[in-house]
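Chain and residue survey
Chain residues, written in single-letter form:
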Amino acid sequence: MARYAMVTDLTKCVGCQACTAACNSEWDVPPGRTRTRVLPTGAVGVFPNLRSAFYVAQCNHCDDPPCVAPCPSGATFQAADGIVKIDKDLCIGCGFCVTACPYDARYLNPATEKVDKCDFCAGRLQRGLQPACVTTCTAHAKFFGDLEDPDSEVYGLVYGRGAKRIESEEVKVGPNVYYLGAKGEPDLVAETFPPRTPRMPSAGQWWERALKPLALLMVGTAFLGQAVAFFTQLRKGEGQFND
Amino acid sequence: MTNPVASPQVSSQRMIKKHHVAIMLLHWFNALVWLLELNTGAALIQSEHFRFAPQWFIVLMTGIFGTRANLLRFHIAVGLAWITVFLVYGIFGWRTYLHQEVLEGEVALDRDDWNWLHIRVLRILGRSDEPLPPQGIYNAGQKLFALAVYAMVPLIAASGLVMAFHWGSPAVAGWAVVIHFISVAVVVSGLKIHVYMGPVFPEEKPAFFSMITGVVPEEFAYRHHRKWWEEVKMLEKMHEAGELERQEPARSSGFVKALRMKQYWPPYGAALGLGLTLLAAFLLVGQGIGASGGFTCCLAFVISLAAPDYASSHPYRSRYVQPDAPVLMDLLVFELIGVALGGLVSGWLAGRLRWSTDKGPHLSERTRWALAFAGGALSGAGARLARGCTSGLALSGGAALSAGAFVFMLSVFAAGFAGAYLVRRLWL
């Protein structure tokens, strides 16, 4: 099975947002939302030692995706090829996964009232095409392929040229979108846009901390009481009424 | 027992009627729904945070239905059928059956019931041999379960609807998930005992069979539901003495009875009906309902007949007069017709159909008509000034949770109260 990965060469990225536009039109992304987007770090440092980079943000299809477990209906899942997908038929739009994503790669589509995000253009892959952002990138800065295939371009870029993941000390979930940069752009991006710790909305926290134990307690108590009653009954034989 | 004198007439052969056939059907429908919904629902919860069914069960259920999407569709379809059936039962059974007989009579817990629960638990634990206090048609355990179910069912239904149709913000959907699970857990913890007591527990076997045959042996009623048995006996005696004429048929059909009810409907029932109508309008036609829009359409139609150019060029009327669309093909026009027809039918069913002018006792009919006309003109002009229908704002806007609708409602009632004081003499 494949393990798909994306590599973005930040030395080449000019921040033109062509990938954003291609993605938006490919997937009918509503205005104001994105599946992929380019975020400038702005000038960082003290003149004349200024650095800057463009962060091409999208779903990282993490090895250990924090968005899968919080999804109550199981709509979010990781396919065998590593792509984290959303079964739109199952999504109920509760947004638990949106707050769980450390990279804020997910959004709730107001038109469909379901969650949407980058799926490495799974539909295009099936037709043998590359993801729309890779095809359209004006600087040819994006590469897509299978990390388990040693002959693939991304294999060379990740294991040969040392493309980096955007991770922080606290959040290491194995993102599969890698970044290259001749002047330390990936580090600058990781400093400016570090992944945040996954959050659970208050409803989910209540469930986790109070209501789930309560539910188990109630069902458990009922079961215990029933068992005790059953054995008391067995011991005492049939009761007041027999027909 | 409170009555130590054994009654010689109690027989285990004689049967007493306990359940109406409609209740039995409803019970088994409900049982089937719970069987299906609990199994499909358990299989739908796959996430580690929420899951409690084993993985093999989820795989099995998903296999039966083909895809998880089918599983969810089935779960929603059965749930909708369940909600519909119980809404109909709740609305039409409220006045005639649910409110008095069930909520206040059959399932309200009294002092005997609390004692019963106390002793029952002690007896299970082997700490007491005290006899159980006498019970009504349902014992305290059954009552407690019924009350829990009555409290949880609206929560389950509402949260299910929120999840199925994405009502409200993501936070609402998130809470709906949690509420759905916890309220089901409450029911399940009672349901386990309920199911165990029915087919398994030997003492309650007659109660189980009564849900199939509708009757219980008199001896069972005497031993387990003494207070109810006493009631039945009393009614029988009164019946024999001719004091009670035809008690039974009153229960026959809540639906027909509610339709033919001479009094006005309970406002909550009517409100629920109106809400459902509104919901149906949104779902089927994609727009809300209101009162004045239909009249505006009719007026625009008349104007477009008399002066088509004027109507299509008028900045306000032209909204209603589109080149290729008939002016009267509007939901609000059909709504007007429906309102008139529905009112006619309902008045006829209730035997209230007659020509009359509702007015205060000291007002002449002519003044009343003149004032009504003036008031109508005033509110019509106001509606147009406000660029829309006032009742439509309250109904459709309120249903969409628009803040404007609530502000408007508050203002209307505030102004209404103030204004009513000034014109109170017209009605006194």
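Residues numbered from 1 in each chain as written. Chains lettered and ligands numbered in written order. Predicted model: local features only at pLDDT ≥ 70, side-chain atom pairs only at ≥ 80, totals over all residues.

**Quick notes on the overall build of chain A**
How we decide: Only DSSP runs of H or I with at least four residues qualify as helices, and only runs of E with at least two residues qualify as strands; both kinds are numbered from the N terminus onward. Any residue whose C-beta has 12 or fewer other C-beta atoms within 10 Å is treated as exposed, any with 20 or more as buried, and any in between as partly exposed, C-beta atoms being built from the backbone. Whether two residues are in contact is decided by their C-beta atoms, placed from the backbone, lying within 7 Å.
Looking only at helices and strands, chain A has seven helices and twelve strands in total. The burial tally for chain A puts 38% of its 243 residues in the buried class. Counted over contacts in chain A with a minimum sequence separation of 6, partners at least 24 positions apart contribute 58%.

**Observations concerning the overall build of chain B**
Summing up its helical and strand segments, chain B has 17 helices and two strands in all. Residues counted as buried form 23% of the 428 residues belonging to chain B. Considering only contacts in chain B between residues 6 or more positions apart, those separated by 24 or more positions represent 60%.

**Regarding the nonpolar core**
How we decide: To define a nonpolar core, we join buried Ala, Val, Leu, Ile, Met, Phe, Trp, Tyr and Cys residues through C-beta atoms within 7 Å and take the resulting set.
Membership of the largest hydrophobic core comes to 77 residues, with the highest contact counts inside it found for Val7(A), Cys97(A), Leu157(A), Tyr178(A), Val177(B), Val178(B) and Phe181(B). Considering every element that reaches this core, the biggest residue donor is helix α6 (residues 170-200) of chain B, with twelve residues. Among residues more than four places away in sequence, those in contact with Val178(B) are Ala203(A), Trp206(A), Trp207(A) and Leu211(A). Counting eleven residues, the second-largest nonpolar core is a separate cluster that includes Ile16(B), Ala207(B), Ala221(B) and Trp228(B).

**Some thoughts on unusual backbone geometry**
All names here are of chain A. Here Phe 47 and Pro 48 are connected by a cis peptide whose omega angle stands at 5°. On the secondary structure map, Pro 48 appears in the loop between β3 (44-46) and β4 (49-51). Non-glycine residue Phe 120 carries a positive phi angle of around 55°. With respect to the helices and strands, the residue Phe 120 is situated in the loop between β9 (114-116) and α3 (122-126). Residue classification places Phe 120 among the buried positions, given that 26 C-beta atoms sit within 10 Å.

**What to know about the interface of chain B and chain A**
How we decide: Three categories are distinguished: nonpolar for Ala, Val, Leu, Ile, Met, Phe, Trp, Tyr, Cys and Pro, charged for Asp, Glu, Lys and Arg, and polar for the others, with Gly belonging to the last.
Chain B puts 40 residues into the contact, and the matching count from chain A is 39 residues. Mapped by element, the contributors of at least two residues to the side of chain B that touches chain A are α3 (68-106), α6 and α8 (218-224) of chain B. A breakdown of the residues in the side of chain B that touches chain A according to their chemical character gives 25 nonpolar, ten polar and five charged.

**Quick look at the sheet that holds strand β11 (residues 164-165) of chain A**
Consider a sheet: its strands pair through backbone hydrogen bonds, and that pairing is either parallel or antiparallel. Residue and element names in this part refer to chain A. Rules: By definition, two strands form a pair when at least two bridges between them are found by DSSP. Orientation is described by axes fitted as lines to C-alpha atoms, over the contacting stretch for helices, and by angles from 0 to 180 degrees between their N-to-C directions.
Pairing in this open sheet of four strands is mixed, and the strands run β10-β1-β12-β11 from one edge to the other. Taken across any chain shown, the strands that pair with only one partner, and hence form the sheet edges, are β10 (142-146) and β11. With two bridges joining them, β11 and strand β12 (residues 177-180) adopt antiparallel strand pairing. The partner of Arg 165 across the bridge, within β12, is Tyr 178. The strands touched by helix α5 (residues 153-160) within the sheet are β1 (4-9), β10 and β12, with β10 carrying the most contacts at an inclination of about 100°.

**Some thoughts on α5(A)**
Quick reminder: α-helices carry 3.6 residues per turn. Residues three or four places apart thus point the same way. All names here are of chain A. We apply this condition: Arc definition: directions from the helix axis to the C-beta atoms.
When α5 is considered as a whole, its buried residues turn out to be Val 154, Leu 157 and Val 158. The buried residues of α5 occupy one face: seen down the axis, they fall within an arc of 90°. Facing away from the buried surface of α5 by more than 90 degrees, the exposed residues are Tyr 159 and Gly 160. Tucked into the core, α5 has its buried residues touching β1, β10 and β12. Positioned one or two residues after α5, Gly 162 has a phi angle of 70°, which is positive.

**Structural notes on the packing of helix α16 (residues 390-399) of chain B against helix α17 (residues 403-422) of chain B**
Residues and elements named next belong to chain B. As a reminder, the rule being used: If an angle is under 35 degrees, it is roughly parallel; if it is over 145, roughly antiparallel; if it lies from 65 to 115, roughly perpendicular; otherwise it is oblique. Left-handed describes a crossing whose near helix is turned anticlockwise from the far helix by less than a right angle; the clockwise case is right-handed.
Contact pair α16 / α17: the axes reach a minimum separation of 8 Å and the direction vectors enclose 140°. Considering their axes alone, α16 and α17 lie oblique with respect to each other. Where α16 crosses over α17, the handedness of that crossing is left-handed. The residues of α17 that touch α16, namely those facing Leu 393, Ala 394, Gly 397 and Gly 398, are Gly 404, Ala 405, Phe 406, Phe 408 and Met 409. Taken together, the residues of the contact of α16 with α17 sort by class into six nonpolar, three polar and no charged.

**Regarding helix α12 (residues 292-306) of chain B**
Residues and elements named next belong to chain B. Let me state the cut-off plainly: Each helix should span, by expectation, one fewer than its residue count multiplied by 1.5 Å.
For α12, spanning 15 residues, the distance from its first C-alpha to its last is 21 Å, which sits close to the expected 21 Å at 1.5 Å a residue. Three or more residues of α12 are buried, namely Ser 292, Gly 293, Gly 294, Thr 296, Cys 297 and Ala 300. The inward-facing, buried residues of α12 contact α13 (308-313), α14 (331-349), α15 (365-385) and α16.

**Details of the packing of α12(B) against α14(B)**
Residues and elements named next belong to chain B. The N-to-C vectors of α12 and α14 enclose an angle of 110°; their axes lie 8 Å apart at closest approach. Here α12 lies roughly perpendicular to α14, going by the angle between them. Contact residues: α12 offers Gly 293, Gly 294, Cys 297 and Cys 298, while α14 offers Leu 332, Val 333, Glu 335 and Leu 336. When its residues are assigned to classes, the contact of α12 with α14 shows five nonpolar, two polar and one charged.

**Thoughts on the environment of Leu211(A)**
Here Leu211(A) shows up in helix α7 (residues 202-236). Ignoring anything within four residues of it in the chain, the contact list for Leu211(A) reads Trp206(A), Val178(B) and Ile182(B).

**Focus on the pairing of β12(A)**
It is a general feature of regular strands that their side chains alternate between the two faces of the sheet. All names here are of chain A. Covered by surrounding structure in β12 are Val 177 and Tyr 179 together with Tyr 178 and Leu 180, the residues of both alternating faces. Two strands pair when backbone bridges link them, and β1 and β12 are joined in this way by four bridges, in the parallel orientation. Counterpart to Thr 8 in the pairing with β12 is Tyr 179.

**Points about the environment of Thr8(A)**
Residue and element names in this part refer to chain A. Locating Thr 8 in the fold gives a position in strand β1. For Thr 8, a count of 32 C-beta atoms within 10 Å gives the class buried. Separated by 126 residues in the primary sequence, Thr 8 and Val 134 place their C-alpha atoms 9.1 Å from one another. In contact with Thr 8, other than residues within four places in its own chain, are Cys 13, Val 56, Ala 141, Lys 142, Val 177 and Tyr 179.

**Notes on the environment of Val173(A)**
All names here are of chain A. As for its position among the elements, Val 173 is in the loop between β11 and β12. C-alpha of Val 173 to C-alpha of Cys 62: the two residues are 111 residues apart in sequence and 5.9 Å apart in space. With residues up to four places along the chain from it excluded, the contact list for Val 173 reads Cys 62, Asp 63, Asp 64, Pro 65, Pro 66 and Pro 102.

By themselves, these observations are geometric and do not establish any function.
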